[in-house]
Amino acid sequence: MAAAPATRSRAGALCGQLLLTLTVLTFACDGCNKVTLHVPSKLDAEKFVGRVNLKECIKSANLIHSSDPDFQVLEDGSVYTTNAILLSSEKRNFTISLSNTENQEEKKILVLLEHQTKVLKRSHPQEKVLRRAKRRWAPIPCSMMENSLGPFPLFLQQVESDTAQNYTIYYSIRGPGVDQEPQNLFYIERDTGKLYCTDHVDREQYDSFELVAFATTPDGYNPESPLPLIIKIEDENDNYPIFTETTFIFTIAEHSRVGSNVGQVCATDKDEPGTLHTLLKYTILEQWPASPTLFYMHPSTGVITTTSSQLDRELIDKYELKIKVQDMNGQYFGLQTTASCIIHIEDVNDHLPTFTRTSYVTTVEENVVDVEILRVSVEDKDLINTANWRANYTILKGNENGNFKIVTDPKTNEGVLCVVKPLNYEETQQLTLQIGVVNEAPYYREGSSRSAMSTATVTVNVKDQDEGPECIPALQTVRIKENAPVQTRSNGYKAYDPETKSSNGIRYKKINDPKGWITVDENTGSITTFRSLDRESEAIRNGIYNVTILASDKGGRTCTGTLGIILEDVNDNGPLILRQTAIICKPVMSSAVIVAFDPDDPINGPPFAFSLDSDSDSEVQRMWRLARLNDTAARLYYQNDPAFGPYTVPIKVTDKYGLSQVTPVNVIVCDCVTENDCTLRVDPRIGSGEMKLGKWAILAILLGIALLFCILFTLVCGVTGAAKKPDAFPDDLAQQNLIVSNTEAPGDDKVYSSNGFPTQTVGSSGQVVCGTVGSGVKNGGQETTEMVTGGHQTLDSCRGPGHHHTLESYKGGGQHTLDSCQGGHVEVDNYRYTCSEWRNFTQPRLCERVQLCDQDDSPGHAQDYVLTYNYEGKGSVAGSVGCCSERPEEDGLEFLDHLEPKFRTLAEACVRR
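Residues numbered from 1 in each chain as written. Predicted model: local features only at pLDDT ≥ 70, side-chain atom pairs only at ≥ 80, totals over all residues. Heavy atoms only, no water.

### A short note on the pattern of salt bridges
Stated precisely, the cut-off is as follows: By convention in these notes, a salt bridge is any Lys or Arg side-chain nitrogen within 4 Å of a carboxyl oxygen on Asp or Glu. Going along the chain from the N terminus, every DSSP run of H or I of four or more residues is numbered as a helix, and every run of E of two or more is numbered as a strand. Relative accessibility thresholds used throughout: buried, under 20% of the residue-type maximum; exposed, over 50%; partly exposed, between the two (1.4 Å probe, protein chains only).
Going through the model one piece at a time under the given rule, you end up with 17 salt bridges. As a salt-bridge pair, Asp521 and Arg489 come within 3.6 Å of each other at their nearest N and O atoms. Here the residue Asp521 occupies a position in the loop between β39 (518–520) and β40 (527–529), and Arg489 occupies one in strand β37 (residues 489–490), the gap between them amounting to 32 residues. According to the relative accessible area criterion, Asp521 is partly exposed, its value standing at 27%. Taking the shortest distance from any N to any O, the salt bridge between Asp553 and Arg557 comes out at 3.5 Å. The class of Asp553 is buried, set by a relative accessible area of 18%.

The following block contains the structure:
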């Protein structure tokens, strides 16, 4: 299929693809009849097989499924292969399942695949098998002019397929402009393949259309592959170029160089790019002010530059341009648009500030400060309230003493001259100042020869005032020897009248005299000593005694000064020892350092001579000696091994002029290592007194206490654990009827019976130790408990050769088995026995033991039966119950019937065990 003017050579290039294209013959019978597709024996993957008309079977199917995974069915009924297929037999089939979930409708289509050669013969018996030949089925370039005036429908081209020689071909198209927006813009005649356009097209909206043409037989077979058709819309110059802004605003500094960039304008055109329709040209039409012409616009880029350096903001601060842009490269028939451009001239500091006057005269009173005395103004043509206009004033000459300063008033830009340091008319009556002014911004021509600073002269006249006295200098001094006699007279403080330079008419008065040592003459200011002066007093600093003096004139004006009295030193103080306690740690030291100090001036002080006071007793001379260390110190040594303790040693210190002083020094001879160890004791001789513990000693004590608490806690826990077992006897048993009397040999195991009679097995000999009522055996030893009722009773142990004893209860029929000879367990029924029941049980068995003992003549058996116990106190009135005893004391257990009621507590405790 091709356009009529297309050559048939291009159609031949598609012959290879046509051999792999399937011939589809759909037998259009009922809606869901089977469909036969004629295919070659070999199919590649993703190849078009044919199309099945799904709508004839079901109008709308939203689920389409192929039973054969080698084939895929699309929504339009197109069948494609998913894998490469080789038909081994002549036929192959699969089922297409269609379903509509909305109305629950389901249909199936059976698809048969047959070899192509057989189909051709059967369907077209009179036609020959197709052979490879050149075909005209190829895309033909096609275009149309936008905004075409018709007539419509407008013929564009004809599509033709070479297979039309062998088949009846129907032509159809799809794509934008057909079945997609904008719909119905193009159509094709089914039989002829002529393509038409039904309406005009705007290229700026649709620049091209990509259509797909199909050639099919009446039965739905596609002998040709779908043909892409591209319809290009040719551009027409129907759009005006438009500036991006209606008014462009730019800024450029005045006095800019020629060719300086001002800005760039920009316009857009919706026509096709790269054509004359979008080739724009920029032009300046007009300039206001018109003369001189100062700007140029590049025709292609729209960049505006300067053509002159005569831009002066002070003359013209704004220019306006009318600009034009035209397409078709500015040809007369091109479309054009205009806009405006405003160019502001930016100010630079091209004008220096200048004083309005070259000289100024002003007056100021003396002794005033922080007052405004003059305002000066300047002229500047630069832009107001900018750095190019604001002025900075400076005093260039005449202010060497710093009496003046000049600042700028930010509102008026004037210079304000002020006095910051008072002037003295008596010293200066007139001053001449030179002031200068510059802008905050530097001059735009820094390298020019023109001076960048304007100057002016200011004459300041000082006006005289009637001033008070002047205390100059503020500190005046006089010299007086210390210890001078009272009423000693000396020069005092002097104040002056600045106008007369004299002290006439000035009165003096002291304001501050720390020690009250002097008096001040009111008329002359001279001083007289009122008390003896002492240079070593606390009020003296560096040998000077300061007194504050107030001077006043007749008008009441005053000034204040300080009179420093320099006290000349007199050697009136002997050297003294400041530290009057010395400690000598005898084990490590043999001496102590003694340091002396002389309050007098150093000229009357060291070197010092140290010696023991000659008036001291001979014992001091014998025990102590002094050795010179330096000019102000000596070393005190002990002699003859003094005992520990305090000693008083009088030491005499003499200065270089022979003035001396005796200082008793308390020397402590201590048994210590450092002096700090000794200072902690009250009596260094014997070492007793208050002790102060160090941090390590305190830490050791705390650790010892913690260890002791751990041991006590362990013992308490052990006792508490043992106490968790019920005691053999209650703690509140009255009159202490049960007491622990002795601890026998250690035991290996123990068994507590519920009635409080314990048994214990020792070793493997089967020896049974029978304790008394309520006795208990603990690990590591055996406790023997005696029952006391006015006397002591002792129950001797007996031996049984492995006999098994059973105690039957008269009441409950319970059984108490004692197999102590074999070390067996004890089975206990929880009930209590009365004393009479216990007697009835034990009496016959004790007699049995006695008989066995009498019948046996072997002394070894006697030793086995009779065990010797250690002496445990005085004997019991109940006598012995040993198995070898011949005294039948049948009444020995009578006391059991008369025990107190609290014995039941013991019995209950034993039963609970």
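### Quick look at the sheet that holds strand β11 (residues 142–145)
In sheet architecture, strand pairing relies on hydrogen bonds along the backbone and comes in two forms, parallel and antiparallel. Here is the rule: Being paired, for any two strands, means DSSP has found at least two bridges between them. In this analysis an axis means a line fitted to C-alpha atoms, helices contributing only their contacting stretch, and an angle means the value between N-to-C directions, from 0 to 180 degrees.
Spatially, four strands are ordered β11-β17-β16-β13 in an open sheet, and the strand pairing comes out mixed. If you trace the sheet from one side to the other, it starts and ends with β11 and β13 (170–174), each paired once. On average, adjacent strands in this sheet sit at an angle of 30° to one another, irrespective of strand direction. Alignment of strand β16 (residues 208–216) against strand β17 (residues 227–234), held across six bridges, turns out to be antiparallel. Bridged to Glu210 within β17 is Ile230.

### Topic: the environment of Asp76
We count it as follows: What makes two residues a contact is simply this: any of their non-hydrogen atoms within 4.5 Å.
With respect to the element layout, Asp76 can be found in the loop between β6 (71–73) and β7 (78–81). Along the primary structure Asp76 and Lys55 are separated by 21 residues, whereas in three dimensions their C-alpha atoms are 8.8 Å apart. Apart from the residues within four sequence positions on either side, Asp76 is in contact with Arg51, Val52 and Arg174.

### Quick notes on the layout of surface pockets
In plain terms, the rule: Site definitions follow a grid-based scheme: protein atoms alone, a 1 Å grid, a 1.4 Å probe that fits but cannot get out for cavities, and for pockets an open set with protein on both sides within 12 Å along at least five of seven lines, plus lining residues having an atom within 4 Å of a point. Grid points are joined across faces, edges and corners, and a volume is the space filled by probe spheres set on the points.
Roughly 730 Å³ of internal volume is contained in the second largest pocket. Arg51, Val52, Asn53, Asp76 and Arg174 are the residues nearest the centre of the second largest pocket, which is lined by 28 residues in total. For the lining of the second largest pocket, the secondary-structure elements that each account for two or more residues are β13 and β16. Element by element, the count of residues in the lining of the second largest pocket is highest for β13, at four residues.

### As for the state of the cysteines
Put simply, the test is: In this description, the term disulfide denotes a pair of cysteine sulfurs within 2.5 Å.
As enumerated under the stated definition, the model contains three disulfides in all. Sulfur-sulfur distance for the disulfide between Cys471 and Cys559 comes to 2.0 Å. Across the S-S bond of Cys471 and Cys559 the torsion is about 75°, and the bridge reads as right-handed. You can see Cys471 sitting in the loop between β35 (454–463) and β36 (475–481) and its partner Cys559 sitting in strand β42 (residues 558–568), a full 88 residues away along the chain. With no disulfide partner, Cys142 has as its closest neighbouring cysteine sulfur the one in Cys197, 9.4 Å distant. Overall, Cys142 belongs to the buried group, its relative accessible area being 9%.

### A closer look at the pairing of strand β26 (residues 336–346)
Here strand β19 (residues 247–253) pairs with β26 via seven bridges, running parallel. Bridging across to β26, Phe248 finds its partner in Cys341. Strand direction decides the pairing type here: strand β25 (residues 318–326) and β26, joined by nine bridges, are antiparallel. When the sheet's bridge partners are listed, Val325 is paired in β26 with Thr337.

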